[in-house]
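# Notes for the structure review
Chain by chain, the residues run as shown.
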Amino acid sequence: MLDAPNHSTARFITFEGGEGVGKSTQVKRLLERLAARDVSAVRTREPGGTPKAEAIRSYILQGRSESWGPGAEAVLFASARHDHVTQLIAPNLARGTWVISDRFCDSTRAYQGLTGGVDEKLIDALEDLALDGHVPDLTIVLDMDPETAFKRVEMRAVEDGLALTGDRFEKEELDWHRRLRDGFLNIARNNPDRCVVLSAEQPEEHLAEDIWRVVSERFPELGAGAGA
Ligand code: T5A
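Conventions used here
Residues numbered from 1 in each chain as written. Predicted model: local features only at pLDDT ≥ 70, side-chain atom pairs only at ≥ 80, totals over all residues. Heavy atoms only, no water. Helix = DSSP H or I, 4+ residues; strand = E, 2+ residues; numbered from the N terminus. Rg over C-alpha atoms; globule rule 2.2 N^0.38 Å. Buried < 20%, exposed > 50% of the residue type's maximum accessible area, 1.4 Å probe, protein only. Contact = heavy atoms within 4.5 Å. Areas by Shrake-Rupley, 256 points an atom, 1.4 Å probe, with all protein chains shown as cover. Axes fitted to C-alpha atoms, helices over the stretch in contact; angles between N-to-C directions. Parallel < 35°, antiparallel > 145°, perpendicular 65-115°, else oblique. Left-handed = near helix turned anticlockwise from the far one by under 90°. Nonpolar A, V, L, I, M, F, W, Y, C, P; charged D, E, K, R; others polar. Salt bridge = Lys/Arg side-chain N within 4 Å of Asp/Glu carboxyl O.

## Comments concerning the overall build of the chain
- Check the secondary structure of the chain and you find eight helices and five strands.
- At 17 Å, the chain has a C-alpha radius of gyration in line with the 17 Å of a compact globule built from 228 residues.
- Buried residues in the chain amount to 50% of all 228 residues.
- In the chain, once contacts between residues fewer than 6 apart in sequence are set aside, the share between residues at least 24 apart is 78%.
- Total accessible area on the chain is roughly 11100 Å²; 50% of this is exposed by carbon and sulfur atoms.

In structure tokens form, the structure reads like this:
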């Protein structure tokens, strides 16, 4: 279990969940809400967020590290995360800017650990090294049936006029994605002070309202009743 948050003014919020559950969409909406309240915030993502971490992202998602196995990939994700934390997350929090990240350490625990079979002790050790104490203040876990999420991803490809090629993880079997979903729910159960699970099956606007309610209740400094 992760320790309590270690900074007081700017907040670090992460979004987690399976493929295509709507994380990017909701990260963007939360940024808009914060901007409307003059809260300085940056949007980032994992793997990625810095040039070095984005290079590692491309390498992994193109499938180039797949044959190395989930243990080595967990180390790669942690390397990217260490750069992301030290070069982007920590400096922004230190200057009072909120950080909203599309995925973070729970993705390694769910994908490489609980689903990929990497030993929990290795995941714990990598997390300690990569985070250097920068534990999210709040993690929103978006939960939905993976089959429905895939339909959304297919629809997005059609709308964007793109072929549905799928990255390294999107190509896994449905049963694998169901285990992944259980993995995220398990992480949320083990970290009840940090994680909030919300149904991602509801319409985009309703989910955005739910997220804003959770964020404004968790961080009352945003203002009493913090409406849109
Ligand atoms: N990974 C990552 C690991 O294995 N270990 C790690 O440690 C880390 C950090 C990252 C991959 O790397 C793996 C996990 C991933 O497989 P990615 O491209 O970031 O790859 O993959 P995803 O995070 O899954 O990103 P997606 O863009 O595919 O999904 P999102 O962000 O969850 O979904 P979003 O917002 O793009 O929405 C998908 C579609 O649904 C629509 C949107 O308009 C869009 O078309 N939509 C809705 N439709 C109806 N109702 C709603 N409520 C909707 N919300 C969004």
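The rest of the description comes next.
## Focus on the packing of helix H2 (residues 51-61) against helix H3 (residues 70-94)
- Where H2 contacts H3, the two axes come as close as 8 Å, and the packing angle between them is 160 degrees. Considering the angle they form, H2 stands roughly antiparallel to H3. Helix-helix and strand crossings are classified by hand; for H2 and H3 the assignment is left-handed. Residues Lys52, Ala53, Ile56, Tyr59 and Ile60 of H2 lie in contact with H3, whose contacting residues are Glu73, Leu76, Phe77, Ser79, Ala80 and Asp83.
- Split into classes, the residues belonging to the contact of H2 with H3 amount to seven nonpolar, one polar and three charged.

## Description of the environment of Gly49
- Mapping Gly49 onto the fold places it in the loop between strand E2 (41-45) and H2.
- With relative accessibility at 25%, the residue Gly49 sits in the partly exposed group.
- Measuring from C-alpha to C-alpha, the distance between Gly49 and Cys195 comes to 22 Å, with 146 residues separating the pair along the chain.

## Quick word on the pattern of salt bridges
- According to the stated counting rule, one finds 15 salt bridges in the structure shown.
- Here Glu54 ties to Arg45 by a salt bridge, and the two come within 2.7 Å at their closest N and O atoms.
- Residue Arg109 pairs with Asp124 through a salt bridge whose shortest N-O separation is 2.8 Å. Taken together, the residues span a long stretch of sequence, with Arg109 in helix H4 (residues 105-115) and Asp124 in helix H5 (residues 120-131) at a distance of 15 residues.
- Within the structure, one salt-bridge network assembled from shared partners comprises Arg29, Glu204 and Glu205.

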